[in-house]
Amino acid sequence: MRKTLFRGEDVYGTKHLFPIFLDIQGRECLVVGGGDVALRKVKSLLQCGARVKVVAPEMASGVQTLAGEPGLTMIRKGFEETDLDGVFMVFCATDQDEVNASIARLCERRGILVNVVDKPEECTFIVPSVLRRGPLSIAVSTGGNSPLWARRVRELLESVITDEYGEFTEMLGAARDLVKKTYPDDIARRQQVFQSLVDSDIFQLLRSGQKEKAKERMEQCIFSLPG
Ligand SMILES: C[C@@]1(CC(=O)O)c2cc3[nH]c(cc4nc(cc5[nH]c(cc(n2)[C@H]1CCC(=O)O)[C@@](C)(CC(=O)O)[C@@H]5CCC(=O)O)C(CC(=O)O)=C4CCC(=O)O)c(CCC(=O)O)c3CC(=O)O
Ligand SMILES: NC(=O)C1=CN([C@@H]2O[C@H](COP(=O)(O)OP(=O)(O)OC[C@H]3O[C@@H](n4cnc5c(N)ncnc54)[C@H](O)[C@@H]3O)[C@@H](O)[C@H]2O)C=CC1
């Protein structure tokens, strides 16, 4: 498959988008438009700790109910270029194609990440459907082929990926710190422990409600693995 590896697409000719998890905590994000689609984006930005500025002449009632949320600024006016100053990421969610397209062009020129909610081809990134269980996140994208199908796949995963997946992820995070402290100079040992933690029956114990036993097993994996 060497031939297709560097073309940015697979053997089916499907364009590959680069998946990443962005840390937007405290960063300024602009949402242009105040309808229901804007609302969805504003909510998920706030959930990730961004500072969000919404600019629109008309705000839908759902958006208005968010007034007073920490980190949220709402400005009732049409978009102006200066709204982009100091902004990390932009969502164009107006119902005016020309407005959205011209904001996208300005963003491209300034190197600002931009999403146009109804024009995947004008976006530098598109937003996936996300399932979260504590620190575990699963993002589903159809590459814009069917947002509704992305949602359905996420819903399907929801019944499989239960809360214990998140709990186990948290436990592994705590264990990771402990393992690094316990074996600061022994990378091979660390890897052995990480493997034993993931492959152990800790997850099954959590699933069957045996939290104490799960913790015990975690300590066994960290401290009493044959070296
Ligand atoms: C390209 C993309 C751009 C972007 O927004 O980043 C885009 C574009 C468009 N969406 C449209 C419609 C709908 N979008 C949803 C829902 C979601 N849309 C989301 C993402 C994306 N939508 C990006 C691609 C993601 C991918 O496929 O990888 C999700 C995952 C995340 C989010 O928005 O936060 C969120 C589900 C969250 C969840 O529940 O988990 C629903 C269903 C619903 O309401 O639940 C409908 C109605 C049903 C339908 O039409 O399918 C239309 C047609 C508009 C029209 O008809 O004019 C366009 C334009 C077009 O397709 O050209
Ligand atoms: N990506 C997605 O998931 C979806 C995208 N869409 C598309 O997204 C767009 C927005 O959808 P809705 O939120 O339902 O629209 P809406 O009609 O409810 O809201 C449009 C908003 O844009 C604002 N606006 C208009 N001109 C503006 C300007 N010059 N500057 C700033 N704000 C301006 C309006 O004041 C209003 O708040 C539509 O074009 C729709 O086709 C629709 C459904 C899903």
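The rules we used
Residues numbered from 1 in each chain as written. Chains lettered and ligands numbered in written order. Predicted model: local features only at pLDDT ≥ 70, side-chain atom pairs only at ≥ 80, totals over all residues. Heavy atoms only, no water. UniProt positions renumbered as here; feature names shortened; annotations may be inferred. Phe/Tyr/Trp six-rings, centres within 6.5 Å; stacked < 30°, edge-to-face > 60°. Helix = DSSP H or I, 4+ residues; strand = E, 2+ residues; numbered from the N terminus. Buried < 20%, exposed > 50% of the residue type's maximum accessible area, 1.4 Å probe, protein only. Lys NZ or Arg CZ within 6 Å of the ring centre and 35° of its normal.

- An unreviewed UniProt entry lists the chain under the name precorrin-2 dehydrogenase, from Syntrophothermus lipocalidus.
- As its UniProt record puts it under Pathway (unreviewed entry), the chain is described as follows: "Porphyrin-containing compound metabolism; siroheme biosynthesis; sirohydrochlorin from precorrin-2: step 1/1."
- In its Catalytic activity (unreviewed entry) section, UniProt records this for the chain: "precorrin-2 + NAD(+) = sirohydrochlorin + NADH + 2 H(+)".

### Thoughts on the packing of aromatic side chains
Stage number 1. Enumeration over the complete set of coordinates arrives at 3 aromatic pairs.
Stage number 2. Consider the rings of Phe91 and Phe125, whose centres lie 5.5 Å apart with planes at 85°: the pair is edge-to-face. Of this pair, Phe91 sits in strand S4 (residues 89–92) while Phe125 is found in the loop between strand S5 (113–116) and strand S6 (129–133), placing the two residues 34 residues apart along the sequence.
Stage number 3. A relative accessible area of 4% places Phe91 in the buried class.
Stage number 4. Centre to centre, the rings of Tyr165 and Phe203 are 4.6 Å apart; their planes meet at 65°, and the pair counts as edge-to-face. Placement of the pair is Tyr165 in helix H6 (residues 163–182) and Phe203 in helix H8 (residues 202–207), with a sequence separation of 38 residues.
Stage number 5. Between the NZ or CZ atom of Arg27 and the centre of the ring of Phe88, over which it lies, the distance is 4.3 Å.
Stage number 6. Sitting over the ring of Phe194, Arg176 keeps its end group 4.5 Å from the ring centre.

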